[in-house]
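One-letter residues, chain by chain:
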Amino acid sequence: MALVVNVAFLQLQILAGLLIINIFSFSPTSLVASQPALTLDYYSKTCPTVFEVVRKEMECAVLSDPRNAAKIVRLHFHDCFVQGCDGSVLLDDTITLQGEKTATPNVDSLKGFEIIDSIKNKVESDCPGVVSCADILAIAARDSTVLVGGPDWEMYLGRKDSKTASYELANSNLPVPSEGILPIITKFLYQGLSVTDMVALSGSHTIGVARCQNYRARIYGDYAVTADQSTASESYLNDLRASCPAAGGDDDTVAPMDNVTPNLFDNSYYQILLRGEGLLNSDQEMYSSFLGVQTKQLVLQYAHDPLAFFHQFAQSMVAMGNITNAVDGGEVRRSCRFVNT
Ligand code: HEM
Ligand SMILES: *[C@@H]1O[C@H](CO)[C@@H](O)[C@H](O)[C@H]1NC(C)=O
């Protein structure tokens, strides 16, 4: 079994009082020989209808609730960062298998599993036993993005579904909003992704919501420091505080991360960061942390140039979707929730 070598050097230079951080990442994930490369025509003979079926199901789901697009994009991200994009996140807990659904970043938070089940059912009736759940999730995340106004990209396919999951890796590999920018950058580099990928992919916070427990520290902490003193900004902060009290409130009350256009995939998330009004601490740090010299430049660029953001987002989603599972032989699951027996 090939070893994945993954070394990240963080070089800190202090120059004339300026902290400049150069990050070099060597991530030869291509060393992994056990999985053949993904291809664009993987199902062209074995399941030519797969794209239509996924698109139609996602259209219904997004029409009934635009947040469904956000749920699926996040599900794909949380799949890819744990053992690669192998559908491991979809597995239910059983007596013999501990899944990832109860890991800290996922529990009470990841949603959209029944959407994937329903797509899988339709795909299975067209082409039984052919299309992996990991590929279905990757296509559904692309379609979700497009359906709420985001960029399109070509689908590299041929992922296999894992026969295992990792609760431990779900806890250690996935970024959480209370983390500082350097640990979060390190988690992206560890996956073979770049700082640019991190800033662009975080742009999917232009859709979807976060729960009070994930932004409480921020709205009672340095929000007032990063945000300007405008009345609009202050009344937004007051609204957030009213629905997410410092103590005693409901941890699961949600607020959109992009309060300007919550259901539209656009670049307003970055403009919100320029105003210092990011909902998650981790989002705002990309612009406001003195450690985030490179991330700040990228946030500025994407705030001013929506096409540059769309172009990079599409490319980074392909890169994230390319993270493969190096250890698990894989299969095409019949049900996305259980390994085949
Ligand atoms: C950079 C580090 C990241 C951190 C710390 C982070 C953290 C979070 C948190 C805390 C939430 C709210 C969850 C909740 O309160 O239940 C969230 C939601 C979301 N995240 Fe991220 N995230 C990151 C990167 C990403 C990436 C790379 C993607 C996709 C490519 C993504 C897509 C989403 C989406 C779409 C939602 C909304 C989900 C929904 O409405 O159900 N995030 N993220
Ligand atoms: C993703 O993988 C495909 C197939 O191996 C490759 O052709 C493509 O260049 C990769 N793209 C990125 C952005 O990693």
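From a predicted model like this one, the values you see are computed outputs, not experimental measurements.

Draft legend 1. Structural view of the overall build of the chain. Looking only at helices and strands, one finds 14 helices and 4 strands in the chain. Computed over the C-alpha atoms, the radius of gyration of the chain is 20 Å, within 12% of the 20 Å expected from 2.2 N^0.38 for a compact globule of 341 residues. Counting all 341 residues of the chain, 50% fall into the buried class. Sequence separation of at least 24 residues holds for 74% of the intrachain contacts in the chain that already meet a minimum separation of 6. A total of about 15,100 Å² of accessible surface is found on the chain, and carbon and sulfur atoms cover 58% of it. Averaging the locations of the 24 positively and 38 negatively charged side chains of the chain gives two centres separated by 3 Å.

Draft legend 2. A look at the packing of helix 1 (residues 50-64) against helix 3 (residues 113-126). Orientation of helix 1 relative to helix 3, taken along the N-to-C sense of each, is 150 degrees, at an axis distance of 10 Å. By the criterion of interaxial angle, the relationship of helix 1 to helix 3 is roughly antiparallel. Classified by chirality, the crossing of helix 3 by helix 1 is right-handed. Contact residues: Val-50, Val-53, Val-54, Glu-57, Met-58 and Ala-61 in helix 1; Ile-115, Ser-118, Ile-119, Lys-122, Val-123 and Asp-126 in helix 3. The residue makeup of the contact of helix 1 with helix 3, split by class, is 8 nonpolar, 1 polar and 3 charged.

Draft legend 3. A look at the site of ligand 1. For ligand 1, the set of nearby residues contains 24 residues, the closest of which are Ser-109, His-205, Val-209, Arg-211 and Asn-214. Take Ser-109: an N or O atom from its side chain is 2.6 Å from an oxygen atom of ligand 1. Between His-205 and ligand 1, the recorded distance is 2.9 Å, taken from a side-chain N or O atom to a nitrogen atom. Elements with a contribution of two residues or more to the shell around ligand 1: helix 2 (67-80), helix 6 (181-190), helix 7 (195-202) and strand 3 (209-211).

Draft legend 4. Examining the state of the cysteines more closely. This model, assessed by the stated rule, comprises 4 disulfides. Of note for the chain: the bonded cysteines, numbered N- to C-terminal, pair according to 1-4, 2-3, 5-8, 6-7. Lacking any disulfide linkage, Cys-60 is separated from the closest cysteine sulfur, that of Cys-47, by 18 Å.

Draft legend 5. Quick peek at the coordination of the iron atom of ligand 1. One donor from the polypeptide reaches the iron atom of ligand 1: His-205 (NE2), at 2.1 Å. Within the secondary structure, His-205 sits in the loop between helix 7 and strand 3.

Draft legend 6. Region of the structure containing the UniProt feature "binding site: Ca(2+) 2" (unreviewed entry) in the chain. Per the UniProt record, the feature "binding site: Ca(2+) 2" (unreviewed entry) sits at Thr-206, Asp-258, Thr-261 and Asp-266. Over a stretch of 61 residues, the named residues converge on one spot in the fold, their C-alpha atoms separated by at most 9.6 Å. Among the secondary structure elements, Thr-206 is positioned in the loop between helix 7 and strand 3. If we skip the residues at most four places from it in the chain, Thr-206 touches Asp-258, Thr-261, Pro-262, Leu-264, Phe-265, Asp-266, Ser-268 and Tyr-269. A polar contact of 3.2 Å, which involves the side chain of Thr-206, links it to the side chain of Asp-258. Looking at the element boundaries, Thr-261 is found in the loop between strand 4 (254-256) and helix 11 (268-274). Note on Thr-261: relative accessible area 22%, which makes it partly exposed. Excluding its chain neighbours within four sequence positions, the residues that come into contact with Thr-261 are Thr-206, Asp-266 and Ser-268. Within the structure, Thr-261 has its side chain in polar contact with the side chain of Asp-266 (distance 2.7 Å).

Draft legend 7. Seen up close, the site of ligand 2. Taken together, the residues surrounding ligand 2 are Ala-37, Leu-38, Tyr-156, Val-318, Ala-319 and Asn-322. Separating an oxygen atom of ligand 2 from a side-chain N or O atom of Asn-322 is a distance of 2.5 Å. Here ligand 2 loses 53% of its free accessible area of 360 Å² to cover by the protein chains. Considered class by class, the residues forming the shell around ligand 2 number 5 nonpolar, 1 polar and no charged.

Draft legend 8. Main features of the side chain of Glu-124. Tracing the sequence through the fold places Glu-124 in helix 3. Residue classification places Glu-124 among the buried residues on the basis of a relative accessible area of 15%. Among the polar contacts listed, one links the side chain of Glu-124 to the backbone nitrogen of Gly-129, at a separation of 3.0 Å. Filtering out sequence-adjacent residues up to four positions away, Glu-124 remains in contact with Gly-129, Val-130, Val-131 and Arg-334.

Draft legend 9. Structural context of the confidence of the model for the chain. Looking at the chain as a whole, its pLDDT mean stands at 91, while 90% of the residues score no less than 70. Mean pLDDT values over the elements of the chain span from 30, in strand 1 (residues 7-15), up to 99, in helix 4 (residues 133-147).

Draft legend 10. Focus on unusual backbone geometry. Positive phi, normally seen in glycine, also occurs at Gln-83, with a value near 65 degrees. Among the residues examined, Gln-83 registers a relative accessible area of 16% and is labelled buried.

Basis of the calculations
Residues numbered from 1 in each chain as written. Chains lettered and ligands numbered in written order. Predicted model: local features only at pLDDT ≥ 70, side-chain atom pairs only at ≥ 80, totals over all residues. Heavy atoms only, no water. Helix = DSSP H or I, 4+ residues; strand = E, 2+ residues; numbered from the N terminus. Rg over C-alpha atoms; globule rule 2.2 N^0.38 Å. Buried < 20%, exposed > 50% of the residue type's maximum accessible area, 1.4 Å probe, protein only. Contact = heavy atoms within 4.5 Å. Areas by Shrake-Rupley, 256 points an atom, 1.4 Å probe, with all protein chains shown as cover. Lys, Arg positive; Asp, Glu negative; His and termini not counted. Charge placed at Lys NZ, Arg CZ, Asp CG, Glu CD. Axes fitted to C-alpha atoms, helices over the stretch in contact; angles between N-to-C directions. Parallel < 35°, antiparallel > 145°, perpendicular 65-115°, else oblique. Left-handed = near helix turned anticlockwise from the far one by under 90°. Nonpolar A, V, L, I, M, F, W, Y, C, P; charged D, E, K, R; others polar. Near = heavy atom within 4 Å. Polar contact = N/O pair within 3.5 Å; in protein donor to acceptor, adjacent residues only side chain to side chain. Disulfide = S-S within 2.5 Å. Donors = N, O, S within 2.8 Å, 3.2 Å for Na, K, Ca; no water. UniProt positions renumbered as here; feature names shortened; annotations may be inferred. pLDDT = per-residue confidence, 0-100.

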